[in-house]
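Residues per chain, in single letters:
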Amino acid sequence: MDATTTGEGNFTAVDGPRLVAALRGVLLADALLHAREDLVPYECDGLSAYRQVPLAVALPHDEAQLVAALKVCREHGAPVVARGAGTGLSGGAMPHARGVVVSLARFNRILRVDPLGRTAVVQPGVRNLAISEAAAPHGLYYAPDPSSQIACTIGGNVAENSGGVHCLKYGLTVHNVLRVRAVTLDGEALELGSAALDAPGFDLLALIHGSEGLLAVITEITVRLTPRPETAQVVMAAFDDAGRAAGSVAHIIAAGIIPAGLEMMDRKAVEAVEPFVHAGYPLDAEAILLCEADGTPEEVADEIAGVQEVMATSGAQDMWVSRSEAERLRFWAGRKAAFPAAGRVSPDYYCMDGTIPRRRLAEMLGAIAQMEKKHALRCMNVFHAGDGNLHPLILYDANLPGELERAEAFGAEILELSVALGGTITGEHGVGIEKIDQMCVQFAGPELEAFHRIKAAFDPAGLLNPGKAVPTLHRCAEFGRMHVHRGELKFPDLERF
């Protein structure tokens, strides 16, 4: 494949002034930013270590303006990066220097809530939490709850297939979305899925989830709403050994218990979070587990008793059960504040996102402890433990020479070990630019070629979010040679690249 198709082109032929003039002709005056001081706020997403200022930012008011802007970009050969709230953590929304950021911030309306059908139709710029707030009067809510749900948008959730602390029982975004409307770079509107339980043809609805803006720009989403449970309680358990806490996770699932949420935090995470949130976490524990049961009062009481029995057998030193809704929310507030809490104890942090089999959690924790010594950096560990989704927070100071590079190497080692343990390089944050080299570890040449063919079917010009998520075979060849040279990895099929 050539550079245009793979997204590796440098797009130096894009004429910035002509592009801006053409966009000005199809957008309202307040819908186009091109002065540098207006563009800088868009230079990165939540992965602030990587920044790039675009040529322009388009803020269309409706689908017709979006289509017009996309057609202009296609005619000028300009890259397009769709952006929601910018809370992503993999650099997926980082702009292209010769391209346009299309912000969906004005696509922020909840179009309708159907309490009988238990659905809501929303635009991509609607905040995740706002959906639950709108559905609350009907006794319903939107189940996927990323830690950033107060700010992140549903369009971004679809693009990354986000999860959250309750995804173990209620599923990821893909399990809670019925229909997506999206626009291709050619301006063609696609209707993927349906309001019914199934749709004819290939399952393109699943394909758009986690596609990271490479295939189309989302304009409308129909989500599934879930009845609020009658009651919910959380068991918090303290362990004097992180390995035993990890083992308890596997034992809970093996016992046939599927909690609403099952999260783990190690000592460093607890010590950072507790002074920030005052959630009531025990500061002398090496690790804590948060396990939530929801349903009828009888169901919850039975599940809580079962969880406590398993945790005690697994070596829990102490256990606490939330006694009120306020206390339950406080327990969860600490877990959801882990990322900002890291910012209080370190100038910078690098959040990883790999997934491994639950039974390998203890092994991964031991390996991370060794990596801390190897890279001379600290790491706070918070896990969606129930589904093996890791979120190690590597602490560093970008002002100190070499620390960012060591943090990157540390993160890459965690991801590559995730693959070796039978897992994947991402759970819910996406690949973006952060993990693009580790895609070469996860997938072989024929698989990457298939990904590029799918990309080309939707975006033949290769203008949507180029250079993200799927590496070229050439890039993997260079990555493989570098690792083989250093004796770190071996690529038996390297010659195929």
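Residues numbered from 1 in each chain as written. Predicted model: local features only at pLDDT ≥ 70, side-chain atom pairs only at ≥ 80, totals over all residues. Heavy atoms only, no water.

Peer 1: Looking at this model, I keep getting lost on the sheet that holds strand β10 (residues 217-224). Mind explaining?
Peer 2: One open sheet holds the 5 strands; their spatial order is β5-β6-β10-β8-β9, and the pairing between them is antiparallel. Of all strands in the sheet, those with a lone pairing partner are β5 (110-114) and β9 (189-193), marking the two edges. Between one strand and the next, the sheet's axes are offset by a mean angle of 10°, whatever the strand orientation. Bridge analysis of strand β8 (residues 177-183) against β9 gives 5 bridges, and the strand direction is antiparallel. Each bridged residue has a counterpart across the sheet, and for V183 the counterpart in β9 is A189. (Pairing = 2+ DSSP bridges. Helix = DSSP H or I, 4+ residues; strand = E, 2+ residues; numbered from the N terminus. Axes fitted to C-alpha atoms, helices over the stretch in contact; angles between N-to-C directions.)

Peer 1: Looking at this structure, how should I read the pairing of strand β6 (residues 119-122)?
Peer 2: Looking along a regular strand, one sees side chains alternate from face to face of the sheet. Of the two faces of β6, the one carrying T119 and V121 and the one carrying A120 and V122 are both buried. The sheet contact formed by β5 and β6 spans 4 bridges and is antiparallel. For D114, the partnering residue across the bridge sits in β6 and is T119. The turn joining β5 and β6, which pair antiparallel and follow one another in sequence, is formed by 4 residues; a positive phi near 55° is taken by R118. As paired strands, β6 and β10 are joined by 4 bridges and run antiparallel to one another. Bridging from a neighbouring strand, V122 pairs with I221 of β10. (Buried < 20%, exposed > 50% of the residue type's maximum accessible area, 1.4 Å probe, protein only.)

Peer 1: Explain the side chain of N465 here, please?
Peer 2: With respect to the helices and strands, the residue N465 is situated in the loop between α17 (445-458) and α18 (473-486). Residue class for N465 comes out buried when judged on its relative accessible area of 3%. Discounting residues that sit within four places of it in the chain, N465 has contacts with V80, V81, G92, E212, G213 and L214. (Contact = heavy atoms within 4.5 Å.)

Peer 1: Mind showing me how you'd approach the nonpolar core here?
Peer 2: Generally speaking, a soluble globular protein has its nonpolar side chains buried in company with each other. Counting 80 residues, the largest nonpolar core has V180, I221, V223, M264, M311 and I394 as its most contacted members. For this core, the leading source of residues is helix α14 (residues 361-375), giving 6 residues. When neighbours within four sequence positions are excluded, V180 is seen to be in contact with V158, L190, E191, L192, L205, I208, I218, E220 and I221. Ranked by size, the runner-up nonpolar core spans 28 residues in total, among them L23, L66, V80 and V100. (Core = buried A, V, L, I, M, F, W, Y, C linked by side-chain atoms within 4.5 Å.)

Peer 1: Is there a simple way to explain the pattern of salt bridges in this structure?
Peer 2: Pairs can form between side chains of opposite charge once their charged atoms are near each other. With the rule as written, the count across this model stands at 26 salt bridges. Here E292 ties to R328 by a salt bridge, and the two come within 2.8 Å at their closest N and O atoms. Taken together, the residues E292 in strand β14 (residues 287-295) and R328 in helix α12 (residues 325-336) connect sequence positions 36 residues apart. With respect to class, E292 is no different from R328; both count as buried. In the salt-bridge network here, residues are joined through shared partners; they are E63, R179, R181, E191 and E220. (Salt bridge = Lys/Arg side-chain N within 4 Å of Asp/Glu carboxyl O.)

Peer 1: Whenever I open this one, the packing of helix α2 (residues 16-26) against helix α4 (residues 63-75) confuses me. Can you help?
Peer 2: Helix-helix packing: each pair is described by the crossing angle between the helix axes and the interaxial distance. The N-to-C vectors of α2 and α4 enclose an angle of 155°; their axes lie 9 Å apart at closest approach. In terms of orientation, α2 lies roughly antiparallel with respect to α4. For the pair α2 and α4, the sense of crossing is right-handed. Contacts between α2 and α4 involve L19, A22, L23 and V26 from the former and A68, A69, V72 and C73 from the latter. Of the residues in the contact of α2 with α4, the class split is 8 nonpolar, no polar and no charged. (Parallel < 35°, antiparallel > 145°, perpendicular 65-115°, else oblique. Left-handed = near helix turned anticlockwise from the far one by under 90°. Nonpolar A, V, L, I, M, F, W, Y, C, P; charged D, E, K, R; others polar.)

Peer 1: What's the story with helix α10 (residues 267-277) in this structure? I'm lost.
Peer 2: Two residues of an α-helix separated by three or four positions point the same way, owing to the 3.6 residues in each turn. Here α10 has its buried residues at A269, V270, A272, V273 and E274. Of the residues flanking the end of α10, it is H278, one or two places downstream, whose phi is positive at about 55°.

Peer 1: Mind showing me how you'd approach the sheet that holds strand β3 (residues 80-83) here?
Peer 2: The strands making up a sheet associate through hydrogen bonds between their backbones, and the pairing can be parallel or antiparallel. If you walk across this open sheet you meet the 4 strands as β1-β2-β4-β3, and the pairing is mixed. Each edge of the open sheet is held by one strand with a lone partner, namely β1 (32-33) and β3. Note: β3 against strand β4 (residues 100-103), 4 bridges, orientation parallel. Residue pairing in the sheet places V80 in a bridge with V100 of β4.

Peer 1: Help me out: how do you make sense of the confidence of the model for the protein chain in this one?
Peer 2: The predicted coordinates should not be examined in detail at positions where pLDDT is low. Taken over all residues, the pLDDT of the protein chain has a mean of 94, while the share at 70 or more is 95%. Confidence over residues 1-7 falls short of pLDDT 50; this stretch has 16 contacts with residues more than four positions distant or in other chains. Counting contacts from residues 489-497, a segment whose pLDDT is below 50, to residues more than four positions away or on other chains yields 23 contacts. (pLDDT = per-residue confidence, 0-100.)

Peer 1: When you look at the packing of aromatic side chains in this model, what are you seeing that I'm missing?
Peer 2: All chains considered together, the criterion is met by 3 aromatic pairs. When the centroid spacing of 6.4 Å and the interplanar angle of 80° are considered together, the rings of Y141 and Y170 count as edge-to-face. Of this pair, Y141 sits in strand β7 (residues 140-141) while Y170 sits in helix α7 (residues 167-170); the two residues are 29 residues apart in sequence, bridging distant segments of the chain. Accessibility expressed as a relative area gives 11% for Y141, which makes it buried. What makes Y170 buried here is its relative accessible area of 18%. (Phe/Tyr/Trp six-rings, centres within 6.5 Å; stacked < 30°, edge-to-face > 60°.)

Peer 1: Got a minute to help me understand the side chain of S90 in this structure?
Peer 2: Tracing the backbone through its elements, the reader meets S90 in the loop between β3 and β4. Relative accessible area serves as the criterion here: at 1%, S90 is assigned to the buried category.

Peer 1: Could you clarify how one ought to interpret a negative patch on the surface in this entry?
Peer 2: Where like charges cluster on the molecular surface, the negative patch consists of E230, E298, E299 and D302. Turning to its location among the elements, E230 is positioned in the loop between β11 (226-227) and β12 (231-239). (Patch = residues over 30% accessible without salt bridge, like charges linked within 9 Å, V, L, I, M, F, W, Y side chains within 5 Å. Areas by Shrake-Rupley, 256 points an atom, 1.4 Å probe, with all protein chains shown as cover. Lys, Arg positive; Asp, Glu negative; His and termini not counted. Charge placed at Lys NZ, Arg CZ, Asp CG, Glu CD.)

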